[in-house]
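Here is what each chain is made of, one letter per residue.
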Amino acid sequence: MSSITIRGATTADLDRITAIYADAVTHGTASYELEPPDRAEMGERLDSLIAGGFPYLVAEKDGIVLGYAYAGPFRPRPAYRFIVEDSVYVAPEAKGLGIGLKLMQRLIAAAEAAGFRQIVAVIGDGRPDSASVRLHEKLGFRHSGRLEGSGYKHGRWLDTVFMQLPINGGCLVPPDPNSLPEQRFRKQNQ
């Protein structure tokens, strides 16, 4: 039995990424999208994140992508540049195998290496027993807020839960001038 490999996503992974996300949109409540985006849209999202220097990872076993995770901008305003929002999705047939944990561990390491200071999880349908809430708790994320009845999907109101994980000293030390977010900021403001 082969092991799971975590690696950077490429455009060759788009068919599986699109299918995994389509299932999450169609059957789940983690995403508040109501219609699954097509491959072209998913490709634009992937390209945009990679071009911005953000980590985008896939979990692969026997040449098949079983899940993916990425970190992207939390908000567009420049003062938020040290915060990323994580997303993680696992194929239905691979849930419960620890793939989400492996992806998130590598994603956290990649965000740390880039010099970000906070990772925020915005969890749709953030019930305490949801797999995403439990995963983030296991990784040390703390609860930082809840928007009650903020989404309506599959015939019911959903709460959105915010969780966050400080990394690289969080807000306790000044920003690293050599970090990716600070370099991008200086480049945009030259």
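Please refer to the structure placed before this passage.
The structure contained in this document is the topic of the report that follows. (Residues numbered from 1 in each chain as written. Predicted model: local features only at pLDDT ≥ 70, side-chain atom pairs only at ≥ 80, totals over all residues. Heavy atoms only, no water.)

**Here we look at the packing of helix H3 (residues 99–114) against helix H4 (residues 131–138)**
Where H3 meets H4, the closest approach of the two axes is 10 Å, and the angle between their N-to-C directions is 45°. Looking at the two axes, H3 sits oblique to H4. Taken as a pair, H3 and H4 cross one another with a handedness that is right-handed. Facing Gly100, Leu101 and Met104 of H3, the residues of H4 in contact are Leu135, His136 and Lys138. Grouping the amino acids of the contact of H3 with H4 by side-chain chemistry returns 3 nonpolar, 2 polar and 1 charged. (Axes fitted to C-alpha atoms, helices over the stretch in contact; angles between N-to-C directions. Helix = DSSP H or I, 4+ residues; strand = E, 2+ residues; numbered from the N terminus. Parallel < 35°, antiparallel > 145°, perpendicular 65-115°, else oblique. Left-handed = near helix turned anticlockwise from the far one by under 90°. Contact = heavy atoms within 4.5 Å. Nonpolar A, V, L, I, M, F, W, Y, C, P; charged D, E, K, R; others polar.)

**Observations regarding the pairing of strand E6 (residues 142–153)**
Where E6 meets strand E7 (residues 156–166), 8 bridges bridge the pair, whose relative direction is antiparallel. Along E7, the bridge assignment pairs Arg146 with Val161. In this antiparallel pair of consecutive strands, E6 and E7, the connection spans 2 residues, and His154 shows a positive phi of 55°. (Pairing = 2+ DSSP bridges.)

**Observations concerning the packing of aromatic side chains**
Counted by the stated rule, this structure contains 8 aromatic pairs. Counting every residue linked through ring pairs, the aromatic cluster contains Tyr21, Tyr56, Tyr68, Tyr70 and Tyr89. One residue, Arg75, lies across the ring of Phe74, its end atom 4.3 Å from the ring centre. Cation over ring: Arg81 sits above Phe185, and NZ or CZ is 3.8 Å from the ring centre. (Phe/Tyr/Trp six-rings, centres within 6.5 Å; stacked < 30°, edge-to-face > 60°. Lys NZ or Arg CZ within 6 Å of the ring centre and 35° of its normal.)

**Description of the nonpolar core**
Within the largest apolar cluster, 46 residues are counted, with the highest numbers of intra-cluster contacts made by Tyr68, Leu103, Met104, Ile108 and Phe141. With residues up to four places along the chain from it excluded, the contact list for Ile108 reads Ile119, Leu139, Phe141, Leu165 and Ile167. (Core = buried A, V, L, I, M, F, W, Y, C linked by side-chain atoms within 4.5 Å. Buried < 20%, exposed > 50% of the residue type's maximum accessible area, 1.4 Å probe, protein only.)

**Structural notes on unusual backbone geometry**
The phi dihedral of His154 falls on the positive side, at around 55°, and the residue is not glycine. With relative accessibility at 46%, the residue His154 sits in the partly exposed group. Phi at Asn168 is positive, roughly 55°, even though this residue is not glycine.

**Focus: the sheet that holds strand E5 (residues 118–124)**
Taking strand neighbours across the sheet as the criterion, the 7 strands line up as E1-E2-E3-E4-E5-E7-E6 in an open arrangement whose pairing is mixed. The sheet is open, and its two edges are formed by strand E1 (5–8) and E6, each paired on a single side. Neighbour to neighbour, the strand axes of the sheet diverge by 25° on average, direction disregarded. This element, H3, spans E1, strand E2 (56–61), strand E3 (64–73), strand E4 (83–90), E5 and E7 of the sheet and lies at about 160° to E4.

**Quick word on the layout of surface pockets**
Over the atoms a probe the size of a water molecule is rolled, and this reveals where empty space is left. One number sums up the size of the largest pocket: a volume of about 1,300 Å³. If you go around the largest pocket, you meet 47 residues; those closest to its centre are Ala30, Ser87, Val88, Tyr89 and Ser132. Taken together, the residues that form the lining of the largest pocket break down as 23 nonpolar, 14 polar and 10 charged. Counted as a void, the second largest pocket has a volume near 230 Å³. Lining the second largest pocket are 15 residues, and of these Arg75, Pro76, Arg81, Arg184 and Gln188 lie nearest its centre. (1 Å grid on protein atoms, 1.4 Å probe; cavity = no way out; pocket = protein on both sides within 12 Å on 5 of 7 lines; lining within 4 Å. Points joined across faces, edges and corners; volume = space filled by probe spheres on them.)

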